Amino acid sequence: MSRRTPRPAPARGASRPTVSVCRGCCCGTPKIPGVDHAGQLAELRRTLAGVAVVRAVDCLDACEQANVVVVQPSAQGRAVGGRPVWLGLVNDPDAVTDIAAWAEAGGPGLADLPGILDLYTFRPSRRVRQEQEERAERED
């Protein structure tokens, strides 16, 4: 893992990372008990206001990993090689805090993934990844 010095978060209006929070058929529903799903999304939106785009999305087709969060790099992050990072089983408030801190530091390409979040990363199918990337590009 590189020891890149984190850069300051982008200014309001500048390119920002996108945090997509799955709220489809399994994620964000009683199928995953004991999680404050609404609170999880609200915390990300509150913490990352002006720093990252936080959006609730329909099913990301990775139900076995519910709750799923995808952190996509900003334009600057993509320019230096950052790629979307898929995080699964995000069912702990501390994980939400770690995701928010990473996005505040710049996210993929601009800040190293905190070690604890390595435990949450997974690689979905190529089809699912492509659909998510196309959806994000349409919304930019």
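As a starting point, this report considers the structure included with it. (Residues numbered from 1 in each chain as written. Predicted model: local features only at pLDDT ≥ 70, side-chain atom pairs only at ≥ 80, totals over all residues. Heavy atoms only, no water.)

A word on the packing of aromatic side chains
Applying the stated rule across the entire model yields one aromatic pair. Plain terms: the ring middles of Trp86 and Phe122 are 5.9 Å apart, the flat faces sit at 75° to each other, and that makes the pair edge-to-face. In this pair, Trp86 sits in strand S4 (residues 85-87) while Phe122 sits in the loop between helix H3 (93-104) and helix H4 (126-139), placing the two residues 36 residues apart along the sequence. Here Trp86 and Phe122 have matching classes, each one buried. (Phe/Tyr/Trp six-rings, centres within 6.5 Å; stacked < 30°, edge-to-face > 60°. Helix = DSSP H or I, 4+ residues; strand = E, 2+ residues; numbered from the N terminus. Buried < 20%, exposed > 50% of the residue type's maximum accessible area, 1.4 Å probe, protein only.)

Section: the pairing of strand S2 (residues 53-57)
In terms of strand pairing, strand S1 (residues 18-22) meets S2 through five bridges, oriented parallel. Paired with Thr18 across the bridge in S2 is Val53. With helix H1 (residues 37-47) bridging S1 and the parallel S2, this β-α-β connection has right-handed handedness. (Pairing = 2+ DSSP bridges. Right-handed = clockwise from strand over helix to strand, strands pointing away.)

Thoughts on the packing of H1 against H3
When two helices pack together, you describe them by how their axes are tilted relative to each other and by the distance separating the axes. Contact pair H1 / H3: the axes reach a minimum separation of 10 Å and the direction vectors enclose 25°. On the basis of their axis angle, the class for H1 and H3 is roughly parallel. As H1 runs across H3, the sense of the crossing is right-handed. Residues Gln40, Glu43, Leu44 and Thr47 of H1 touch H3, and the partners they reach there are Val96, Ile99, Ala100 and Glu104. Taken together, the residues of the contact of H1 with H3 sort by class into four nonpolar, two polar and two charged. (Axes fitted to C-alpha atoms, helices over the stretch in contact; angles between N-to-C directions. Parallel < 35°, antiparallel > 145°, perpendicular 65-115°, else oblique. Left-handed = near helix turned anticlockwise from the far one by under 90°. Contact = heavy atoms within 4.5 Å. Nonpolar A, V, L, I, M, F, W, Y, C, P; charged D, E, K, R; others polar.)

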